[in-house]
Each structure stands twice: as C-alpha cells, then as structure tokens.
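Summary of the model geometry
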Amino acid sequence: MGLRAIHFIVGWVLSISVFAQVQAADLVIVSSEKTAGHVETAQTIALEFTRAYPERAQPSITYLSDSRLQKAELLQGARVVMTLGSDALASVLALDVRVPVVASLIPRAGMERILREAPSKSQTSVSAVYLDQPFSRQVELMRLALPSTRRVGVLFGSESNQQSPTLQSALQSKGMELVSGHVGGSGTLFSALKAVLDDTDVLLAVPDSKVYNGSTISNVLLATYRARVPVIAFSPAYVRAGALMSLNSTPRQIGIQAFAIARTHLTGNTGISLQYPTEFTVVLNEQVARSLDLVLDERSLTERLKRSERRP
C-alpha cells in the first residue's frame, strides 16, 4: 500500500483529515459526514486508488469535509472530485467547479433534485453510482422471494414521485400491479400508508426523505408488522428495525464502482456515466420471516438474483 493511501486511511480513523491548508490534489473526495458507511466508502476508494497506480506514478488524493468547502479554491488543481452523500454533492455544485464530479451514496431521486436546484453557473459534468437499486432488480427479488405477490404497495413523496411510471412498467413486466400512496407532508403519511396496506401484498420502500426518515420508520414498520405485510427495504438498518429484507449495495461495493468511474476521468475520459450498483446483497430479518411463515435464505436469494441478471 502506498504512503499516500496509508496516511489517508489513518487520517480517517483518527479523525484528523480535515485540512487547515488544503494542497492541490488530482482526486479530491468530499464527504457529507463521517458515518461508518462514508468512512468505509472513502477507505475503499483510497485502497483502489493505490492498487490502480504504482506509487512512483501515483496521482495525489485528498479528503475534505463538506462543512469546510466554502470556496472553489479548495478544489483548485483537482482533476476529479468525488462526493459522498447528498449534502456533499450540493456543496460542490454550489461552487463554480469546472472538473468532472463523481457522486455516490446518493439515491437517484435525490441526485436529480440536487441537479435541478444547482446554480445555473455550474458547468461541471456529474457522473454517479446511485445508492438505490434498479426497479427491475427489486421486482425480480420480489418474484423470487414472494412468488404469490400480485399487488405491490409504494409510498411516494415529492422526491420519488417522478419514478412512479418506471416502477409501474417494471411491475407490469412481471405480472404485478402498483398500489401507490402519495405523501404530501408528515400529516398525510399514515393515512396514505393505511390505504396502501389495506390493498397490497408487500410494501416496497423507495428512498424518499419525506417518507422514510429517523422520525417515521419505526411507526411505518410497526404498522406493516401489525398488518402482516412484508416490507422490502433499501437499507440493512431498516431490516434490523423490522423490515423483512433489504436489497442494497455495501459501501465497499459502491466505493469500488465509483473509483472505476473516477479513474476513467483521470485517464482523460470526459463522458458522463450514470450507473446503478452492479454488485449487491440481500439482507434478511429471519425473525420477521418466521412470523410471516416464510422460509427464506439471504445467501440463496442473492445468488439466484445474480444468476437471473446474468441470463440473456
């Protein structure tokens, strides 16, 4: 491992990687926070960076917290900027940045909202590895795990509402029907949830901060548990809280894929690449599965889902 990557990782672990004086670097990582997921993604990027280049020819890499990103000069000299999280992407686009940006740890709907709201002066091109999974993959998981499913409930908020036609098309291709509820504010969440649960076989959680957040998720999962409606979530944390399963990509999987895009920019490619995660895993709550009289295995489901995607 190169010395730059070692110092980078040690900086993360000791929380000393917020620079008072930032030197120009070829690759700059801007992070919204220092949660375990953000740290693991950044560490993975650093390790992939070291593997990709001999130390004698290694471009430079550095890290910035988005709370310190107040001037475009902090990114001066960078050839690629990588952002971890929604706030980091919004902070970078608020500056007059003229180099490629690779976004990660951000749902597609959230990224599209940030791009719509970005200042018109922003001239940068933004590539991304989305945090969420393609609807085709999620629908196939439901078909494999819950083959009797016909009606799929979804709560849409202002961020995710535009994805409804895409999800409906994916469901129809597998003979399923969309039962949607629309959440306009905190006061409408549980009336929309009740209407959906009364007429659905499974609830598919679609990332939307107006619907699923720290103040709502416990009550949402309690309501679905009482209604005996399984929840397919987008985060292992929701599985631990009571969802039946999640389909998600690990920080390491996302870090590897995001760096692959960044590396193409470092070698001169200026194209935009918008990707869903290529690697993923299924996480199962076995206690919830037993309560619903379901016999499921997360490793088997993950492998079957991967095999289905490899078929022509």
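Residues numbered from 1 in each chain as written. Predicted model: local features only at pLDDT ≥ 70, side-chain atom pairs only at ≥ 80, totals over all residues. Heavy atoms only, no water.

Overview of the packing of aromatic side chains
This is how it is decided: Only rings of Phe, Tyr and Trp enter the pairing, Trp through its six-membered ring, and a pair is recorded when the two centres are within 6.5 Å. The plane angle decides the type: under 30 degrees is stacked, over 60 is edge-to-face, the rest tilted. Under the scheme used here, helices are H or I runs from DSSP no shorter than 4 residues and strands are E runs no shorter than 2 residues, and both carry numbers assigned from the N terminus. Working definition: with a 1.4 Å probe on protein chains only, accessible area under 20% of the residue-type maximum means buried, over 50% means exposed, and in between means partly exposed. Charge over a ring is defined by NZ of Lys or CZ of Arg lying within 6 Å of the ring centre and within 35 degrees of the ring normal.
Throughout the structure, instances matching the rule amount to five aromatic pairs. With 6.1 Å between their ring centres and 75 degrees between their planes, Phe 49 and Phe 259 make a pair best called edge-to-face. Taken together, the positions of Phe 49 in helix H2 (residues 36-52) and Phe 259 in helix H10 (residues 251-266) put the pair 210 residues apart, joining distant regions of the chain. Here Phe 49 and Phe 259 have matching classes, each one buried. Ring geometry for Phe 234 versus Tyr 238: centroids 5.2 Å apart, planes at 65 degrees, classification edge-to-face. Judged by its relative accessible area of 22%, Phe 234 falls in the partly exposed class. Classification of Tyr 238 as buried rests on a relative accessible area of 13%. Three or more aromatic residues joined by ring pairs form one cluster here, namely Tyr 212, Phe 234 and Tyr 238. A cation over an aromatic ring shows up here: Lys 306 above the ring of Phe 280, its NZ or CZ 5.7 Å from the ring centre.

Considerations on the packing of helix H7 (residues 189-197) against helix H8 (residues 217-226)
As a reminder, the rule being used: Only the contacting stretch of a helix is used when fitting its axis, a line to C-alpha atoms as for every element, and angles between N-to-C directions run 0 to 180 degrees. Just so you know how the angles are binned, under 35 degrees is roughly parallel, over 145 roughly antiparallel, 65 to 115 roughly perpendicular, and the rest oblique. If you view the pair so one helix is near and one far, a crossing is left-handed when the near helix is turned anticlockwise from the far one by less than a right angle, and right-handed when it is turned clockwise. Contacts are assigned to residue pairs that have any heavy atoms within 4.5 Å of one another. For this classification, Asp, Glu, Lys and Arg are treated as charged, while Ala, Val, Leu, Ile, Met, Phe, Trp, Tyr, Cys and Pro are nonpolar and the rest, including Gly, are polar.
The interhelical angle for the contact between H7 and H8, taken along N-to-C directions, is 25 degrees, at an axis separation of 11 Å. Relative to H8, the element H7 lies roughly parallel. The element H7 and its partner H8 pack so that their crossing is right-handed. Of the residues in H8, those in contact with Leu 189, Phe 190, Leu 193 and Leu 197 of H7 are Asn 219, Val 220, Ala 223 and Thr 224. Tallied by class, the residues present in the contact of H7 with H8 amount to six nonpolar, two polar and no charged.

Side note on the pattern of salt bridges
The cut-off we apply is this: Definition used for salt bridges: Asp or Glu carboxyl oxygen within 4 Å of a side-chain nitrogen of Lys or Arg.
Under the definition given, this model contains 13 salt bridges. Between Arg 51 and Glu 48 there is a salt bridge, with its nearest N and O atoms 2.7 Å apart. Here the residue Arg 51 and the residue Glu 48 both occupy positions in helix H2, the gap between them amounting to three residues, near one helical turn. The partner of Arg 143 in a salt bridge is Glu 140, and the shortest N-O contact between them spans 2.7 Å. Placement of both Arg 143 and Glu 140 in helix H5 (residues 135-145) is noted, with a separation of three residues, approximately one turn of the helix. Taking the relative accessible area as the measure of exposure, Arg 143 reaches 34% and is therefore partly exposed. A network of salt bridges, in which partner residues are shared, links Arg 113, Glu 117 and Glu 159.

Examining the nonpolar core
Put simply, the rule is: Only buried Ala, Val, Leu, Ile, Met, Phe, Trp, Tyr and Cys residues count toward a nonpolar core, and they belong to the same one when joined by side-chain atoms within 4.5 Å.
Met 142, Leu 167 and Met 245 are the most contacted members of the largest nonpolar core, which has 31 residues in total. If you list the elements that add at least two residues to this core, you get H5, strand E6 (151-156), helix H6 (164-172), strand E8 (202-204), strand E10 (245-248), strand E12 (281-284), helix H11 (286-291) and helix H12 (298-310). With six residues, the top contributor of residues to this core is H5. Excluding its chain neighbours within four sequence positions, the residues that come into contact with Leu 167 are Phe 135, Val 139, Val 154, Phe 156, Leu 178 and Leu 204. If you look at the next biggest cluster of nonpolar residues, it comprises 22 residues, including Val 30, Ala 78, Val 99 and Val 126.

With respect to a positive patch on the surface
The condition is simple: What makes a patch is a set of residues exposed beyond 30% relative accessible area and free of salt bridges, joined within 9 Å when like-charged and within 5 Å when nonpolar (Val, Leu, Ile, Met, Phe, Trp, Tyr). Each accessible area is a Shrake-Rupley result for a 1.4 Å probe, and residues are judged covered by the shown protein chains and nothing else. Positive: Lys, Arg. Negative: Asp, Glu. His and the chain ends are not part of the count. To locate a charge, take atom NZ for lysine, CZ for arginine, CG for aspartate or CD for glutamate.
Taken together, the side chains of Arg 304, Arg 307, Arg 310 and Arg 311 define a basic patch exposed on the protein surface. The topology assignment puts Arg 304 in helix H12.

Here we look at the confidence of the model for the chain
Here is the rule: Note on scores: pLDDT gives the predictor's confidence for each residue, bounded by 0 and 100.
Across the chain, the average pLDDT comes to 87, with 86% of residues at or above 70. Across residues 1-23, where pLDDT falls below 50, the model places 48 contacts with residues more than four positions away in sequence or in other chains.

Observations regarding the environment of Gly 37
Tracing the chain through its elements places Gly 37 in helix H2. According to the relative accessible area criterion, Gly 37 is partly exposed, its value standing at 23%. Contacts of Gly 37, omitting those with residues within four sequence positions, involve Leu 105 and Pro 251.

With respect to the sheet that holds strand E2 (residues 61-65)
Filter applied, for reference: We call two strands paired when DSSP finds no fewer than two bridges between them.
Taken together, six strands build an open sheet; the order of strands is E2-E1-E3-E4-E5-E11 and the sheet is parallel. Of all the strands in the sheet, just E2 and strand E11 (274-275) have a single pairing partner and so form its edges. Bridging between strand E4 (residues 101-106) and strand E5 (residues 126-130) involves four bridges; their strand directions are parallel. Paired with Ala 103 across the bridge in E5 is Ala 128.

Considerations on the sheet that holds E6
Read from one edge of the open sheet, six strands run E7-E6-E8-E9-E10-E12, paired in mixed fashion. A single partner strand is all that each edge strand has here, and the edge strands are strand E7 (177-182) and E12. Across the sheet, the mean angle from the axis of one strand to that of its neighbour is 25 degrees, orientation sign disregarded. Taken together, the six bridges between E6 and E7 define a ladder with parallel strand orientation. Residue Arg 151 lies in a different strand from E7, and its bridge partner there is Glu 177. Sheet contacts for H5: E6, E8, strand E9 (231-233), E10 and E12; angle to E10, the most-contacted strand, approximately 145 degrees. In this fold H6 packs onto E6, E7 and E8, with an angle of close to 155 degrees to the strand it touches most, E7.

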